[in-house]
Amino acid sequence: MKRGAYAIAAGAASFLVAVHAAAVTVEVGVNPPSPVGASVEFSAQAVGTGEITFTWDFGDGQKGEPGTTSTVTHVYEAPGHYPVIVVAKDSTGARSASFLQTIHRALPATPPEASSSIVHHADRARVCNVNADNDTISCLSTETLELLFEAPVGRHPRSLAVAPDGTLWVTNQDDASVSVLDADGTTLATSELPPASRPSGIVMNRARGVAYVALQALGEVAEIDLATRTVVRRASAGPWSTGVAVDASSSRIFVTRFISAPTGGEVAELSADSLELTRRFPLALDPGPDTEATARGVPNYLRAAVPSPDGYALWVPSKQDNVLRGAARDGQALTFETSVRTVVSLVDLGTNQELLDERSDLNNRALGLSLTFSPIGDYAFVALLGNNGVEVLDAYDRQIVAGAFELGKAPDGLVLDDAGRLYVNSFLSRSVVILDASSVLASTGFSLDRIGEVVVSTAEKLPEQVLAGKVVFYDASDLRMGLDGYISCAACHLDGFEDGQVWDFTDRGEGLRNTTSLLGKRGTGQGRLHWSANFDEVQDFEHDIRNAFGGSGFLPDETFNEGTRNMTLGDPKAGLSPELDALSAYVTSLDRVPPSPYRAPDGHLTREGWRGREVFQRAGCAACHSGPDFTDSPSGTLHDVGTLQATSGKRLGEPLTGLDTPTLRGVWQTAPYLHDGSAATLLDVITAKNPEDRHGATLGLTDAERNDLTSYLLQIDNTALEDEVEPPAPPSEDSESGGCAVTGGPALRHGADSFLSLLLLLGFGAHRRRARRSL
């Protein structure tokens, strides 16, 4: 049923519906939802002249014969929201009444669960959320709609879940831990996870008494015993493991791959029995076509996979990157509406196949990355991170039926309570916005009326200008940022990182460009920006905003066109726009990269890494990847290291003679490599992509030296080359430690001897994953 059908029901209420005329009045009761295959009874009341006949249209293509009986039954064979119409006719004429009848699939006894940044703690009548920037969680009362408390947890909390005993479990990404709190915010315990593992989503498996945590940096899932609060098993799920969910049977675990390969998105399924991989669900490249309302592309930024309450499908909200389009690829320039879109993909959990023809494209929307369902699974609520809003999809025909906007800043999670209220975690306004969704849930009206907004975090850690800049960075609804709400800086740099894709910017006077992370760069603290060093201040993004994004810009036109300011590398823009200056402050605040999980458990280099450090210097890598930031970008020198080709394009519309030296900080997580993404691994960079030794003297290295060098590169994070400390020599074979025995935990993760590390670096370790996304 299309959106227009809901106009029929909009006049209906959740009580008897009456249509009056001079001679006949007809009333019908609005039925509660019923399952597929059940006999649904409809009843009408009418007052008129003489004999009254009733004719029913059940909305599924079936109509009843006219009759004098006011009560009928009907069986629906498929789920849906059906517009039921009854016509009462007497001797003077006819009148009708209508309402929507909800028919849903059978529901399991226990609903599925999925990781989220906000949860409903029904037993304690509260809703709790994480405050990622401020290292806290907050809970508000569902009775008074007032804040109950804000409590500290670890650094950068990402998601939380309610355990069967009522405790709150919170993943702390930067501390690699899980905080366990009671429902009043008191910390009871902290469960340590593997160092540098960057835990993300957490979900409960109540039937088995365990929680599952996605370890993003390791590409693993950790199973934690709820009683002992210790990790009992770990298993590989694949690169960028982020969102995690459990189906209603408690036997299937679903894990999203946050950063997609250019060939498609992916969700992994693990068995709860063995914790082994069962299958992978590929999310296909969308074939498009590219229009105002649709586009081709790869689903990316998969932060959540949410099983529908009826168990029919797995819903995966994401952005969709059109890496198929561009002047060098298909001869068509990227446009603001064909570059990045918001989609929701569905996987049929019966056939285990994606339902590509049922993928929903949310037009004029940005970064719809979170989703929750109505209790019976007939509506899906999508939080639009870039548009400060929520849209509601009919789960049966995937049409948008309702929406609400101006819901604080950057909604990144949402949850319903038992009273039909929708709570939206707007993380950049540090608030939870509460909406009345009861009429939507009852299918009697399709408005999300605002009830209130509760400030949930006052323990602010970001300076005022930095927070203001982060809001600018995320906000695609601001017409100064972009046209029609598609794009903001966060579209390709969520959390300041990157999207793992290679874009065709030929029409912008550039070429194929691999998205670079902003983390650790401190704005222009490491030198000019982009592969071609075409920006010398963060405020130069005004050019992308005005051009590629379709925005009006943050500078007045007369200011922008003064002198050479309308050229990048021209007259400075700093100090002329509070918004651009705030944007610069935020990007400049990104002064660190995540710690490398390839290091030893104590954070130091491994033996292989230490040897690779020496190879790094001997091969001449430090000549360009120099200083504490591993780059000579501040010198302004561009280098041709033998990787330029026709698709490399130009620099500012002029011949491209060389490339800016990228930092090596955090290179462990930024595959694919090189400006055009043509190297899948770091080993490829120093071998196949360096045939003439123009990118370091690596031709003469032995295989062992190349592997040591790769090991060092994978371990570069926030420690300068000269500040590294030589690791202790491994114990001898006849020592009490038993030589190189591997006992699991961090030793297994990083490798306890050279042979194991070599296997890991070459990709044979089942849990080594993501420094090479494409492997």
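Residues numbered from 1 in each chain as written. Predicted model: local features only at pLDDT ≥ 70, side-chain atom pairs only at ≥ 80, totals over all residues. Heavy atoms only, no water.

Observations concerning the environment of V593
By the element assignment, V593 lies in the loop between helix 6 (578–588) and helix 7 (607–618). Using a relative accessible area of 7% as the deciding quantity, one classes V593 as buried. The spacing of V593 and N129 is 464 residues in sequence and 25 Å in space, taken between C-alpha atoms. Setting aside anything within four residues of it in sequence, one finds V593 in contact with L519, G520, R665, G666, D717 and N718. (Helix = DSSP H or I, 4+ residues; strand = E, 2+ residues; numbered from the N terminus. Buried < 20%, exposed > 50% of the residue type's maximum accessible area, 1.4 Å probe, protein only. Contact = heavy atoms within 4.5 Å.)

Some remarks on the pairing of strand 19 (residues 210–215)
Burial analysis of strand 19 places six of its six residues in the buried class, the great majority of the element. Neither face of strand 19 is left uncovered, since the one carrying V210, Y212 and A214 and the one carrying A211, V213 and L215 both have all their residues buried. Note that strand 18 (residues 199–205) and strand 19 share five bridges and pair antiparallel. Its bridge partner lying in strand 19, N205 is registered against V210. Two strands pair when backbone bridges link them, and strand 19 and strand 20 (residues 220–225) are joined in this way by six bridges, in the antiparallel orientation. Looking at the pairing, A211 lines up with I224 of strand 20. (Pairing = 2+ DSSP bridges.)

Brief notes about the packing of helix 7 against helix 9 (residues 703–715)
At their nearest, the axes of helix 7 and helix 9 sit 7 Å apart, and the two run at 100° to each other. Comparing the axis directions of helix 7 and helix 9 gives the class roughly perpendicular. Seen from helix 7, the contacting residues are E608, G609, R611, G612, R613, V615, F616 and R618; seen from helix 9, they are E705, D708, L709, S711, Y712, L713 and Q715. Looking at the contact of helix 7 with helix 9 residue by residue, the classes come out as five nonpolar, four polar and six charged. (Axes fitted to C-alpha atoms, helices over the stretch in contact; angles between N-to-C directions. Parallel < 35°, antiparallel > 145°, perpendicular 65-115°, else oblique. Nonpolar A, V, L, I, M, F, W, Y, C, P; charged D, E, K, R; others polar.)

Focus on the confidence of the model for the chain
Overall, the prediction assigns the chain a mean pLDDT of 92, with 91% of residues at 70 or greater. Note on residues 1–22: pLDDT is under 50 here. Beyond four places in sequence and across chains, it has 49 contacts. Between residues 735–775, whose pLDDT stays under 50, and residues either more than four places distant or in other chains, the model counts 103 contacts. (pLDDT = per-residue confidence, 0-100.)

Here's the deal with the environment of D348
Of note, D348 is situated in strand 29 (residues 340–348). We classify D348 as buried; its relative accessible area is 12%. Between the C-alpha atom of D348 and that of L385, which follows or precedes it by 37 residues, the distance is 26 Å. If sequence neighbours within four positions are ignored, D348 has contacts with Y312, Q353 and L355. A polar atom in the side chain of D348 sits 3.1 Å from the backbone nitrogen of T351. (Polar contact = N/O pair within 3.5 Å; in protein donor to acceptor, adjacent residues only side chain to side chain.)

Some details on helix 7
Across its twelve residues, helix 7 extends 17 Å between first and last C-alpha, which sits within 8% of the 16 Å expected from 1.5 Å per residue. Those residues of helix 7 that fall on the buried side of the exposure criterion are E608, G609, W610, G612, R613, V615 and F616. Positive backbone phi, at 85°, marks G620, one or two positions downstream of helix 7. (Expected span 1.5 Å × (residues − 1).)

A short note on the packing of helix 3 (residues 464–474) against helix 6
The geometry of helix 3 relative to helix 6 is characterised by a closest axis approach of 7 Å and an angle of 100° between their N-to-C directions. Judged on the interaxial angle alone, helix 6 and helix 3 are roughly perpendicular. Packed against helix 3, whose contacting residues are Q465, V466, A468, G469, K470, V472, F473 and Y474, the element helix 6 presents E579, D581, A582, L583, A585, Y586 and V587 at the interface. A breakdown of the residues in the contact of helix 3 with helix 6 according to their chemical character gives ten nonpolar, two polar and three charged.

With respect to the sheet that holds strand 35 (residues 400–404)
In spatial order, the strands read 32-33-34-35; together these four strands make up an open sheet with antiparallel pairing. Both edges of this open sheet fall to strand 32 (368–373) and strand 35, since each of them pairs with a single strand only. Adjacent strand axes in the sheet meet at a mean angle of 25°, parallel and antiparallel pairs treated alike. With six bridges connecting them, strand 33 (residues 379–384) and strand 34 (residues 389–394) associate as antiparallel partners. Across the sheet, the residue bridging to L384 is G389, located in strand 34.

Overview of the pairing of strand 38 (residues 431–436)
For strand 38, the tally of buried residues reaches five of six residues, placing the bulk of the element in the interior. As paired strands, strand 37 (residues 421–426) and strand 38 are joined by six bridges and run antiparallel to one another. From the neighbouring strand, S426 faces strand 38, where its bridge partner is S431. Where strand 37 folds back on strand 38, the antiparallel hairpin that results is connected by four residues, among which R430 adopts a positive phi of roughly 55°. Alignment of strand 38 against strand 39 (residues 449–455), held across six bridges, turns out to be antiparallel. Directly across from I434, in strand 39, lies its bridge partner G452.

Here we look at the packing of aromatic side chains
Scanning the model with the defined rule gives 17 aromatic pairs in all. Here F473 and Y474 contribute two aromatic rings whose centre-to-centre distance is 5.8 Å and whose plane-to-plane angle is 55°, an arrangement assigned as tilted. Judged on exposure class, the residue F473 and its partner Y474 are both buried. Where F616 meets F630, the ring centres are 6.3 Å apart and the plane angle is 70°; that geometry is what we call edge-to-face. With F616 in helix 7 and F630 in the loop between helix 7 and strand 42 (650–651), the pair connects residues that are 14 residues apart, well separated along the chain. By the burial criterion, F616 is buried, and F630 matches it. (Phe/Tyr/Trp six-rings, centres within 6.5 Å; stacked < 30°, edge-to-face > 60°.)

Focus: the nonpolar core
Nonpolar side chains tend to gather and get buried jointly when the protein is soluble and globular. Ranked by internal contacts, the top residues of the largest apolar core, which has 49 residues, are L385, F473, Y474 and L494. Elements that contribute at least two residues to this core include exactly helix 3 and helix 6. Ranked by residue count, the leading element in this core is helix 3, at six residues. The residues contacting L385, other than those within four sequence positions of it, are A366, L367, L369, A410, P411, D412, F427, Y474 and L494. One finds W610, V615, C621 and Y712 within the second-largest nonpolar core, a separate group that totals 26 residues. (Core = buried A, V, L, I, M, F, W, Y, C linked by side-chain atoms within 4.5 Å.)

Some words on the sheet that holds strand 22 (residues 241–246)
Read from one edge to the other, the open sheet built from five strands follows the order 9-22-23-24-25, with strand pairing classed as antiparallel. Two strands close off the open sheet at either side, each with one partner strand: strand 9 (113–114) and strand 25 (277–284).

Brief notes about the state of the cysteines
As enumerated under the stated definition, the model contains one disulfide in all. The partner cysteine of C128 in its disulfide is C139, sulfur to sulfur 2.0 Å. In this structure, the disulfide formed by C128 and C139 twists by about 105° around the S-S bond and is classed as right-handed. Linking C128 in strand 11 (residues 126–131) with C139 in strand 12 (residues 136–141), this pair joins segments that are eleven residues apart in sequence. Across the pair, exposure class does not vary: C128 and C139 are buried alike. Of the cysteine sulfurs around C621, a residue in no disulfide, the closest is that of C624, at 9.2 Å. Relative accessible area serves as the criterion here: at 12%, C621 is assigned to the buried category. According to the relative accessible area criterion, C624 is partly exposed, its value standing at 25%. (Disulfide = S-S within 2.5 Å.)

Focus: helix 3
Residues spaced three or four apart along an α-helix face the same direction, because each turn holds 3.6 residues. The buried fraction of helix 3 amounts to eight of the eleven residues, a majority that puts the element mostly inside the structure. All buried positions along helix 3 are accounted for by V466, L467, G469, K470, V471, V472, F473 and Y474. Those residues of helix 3 that are buried lie in contact with helix 6.

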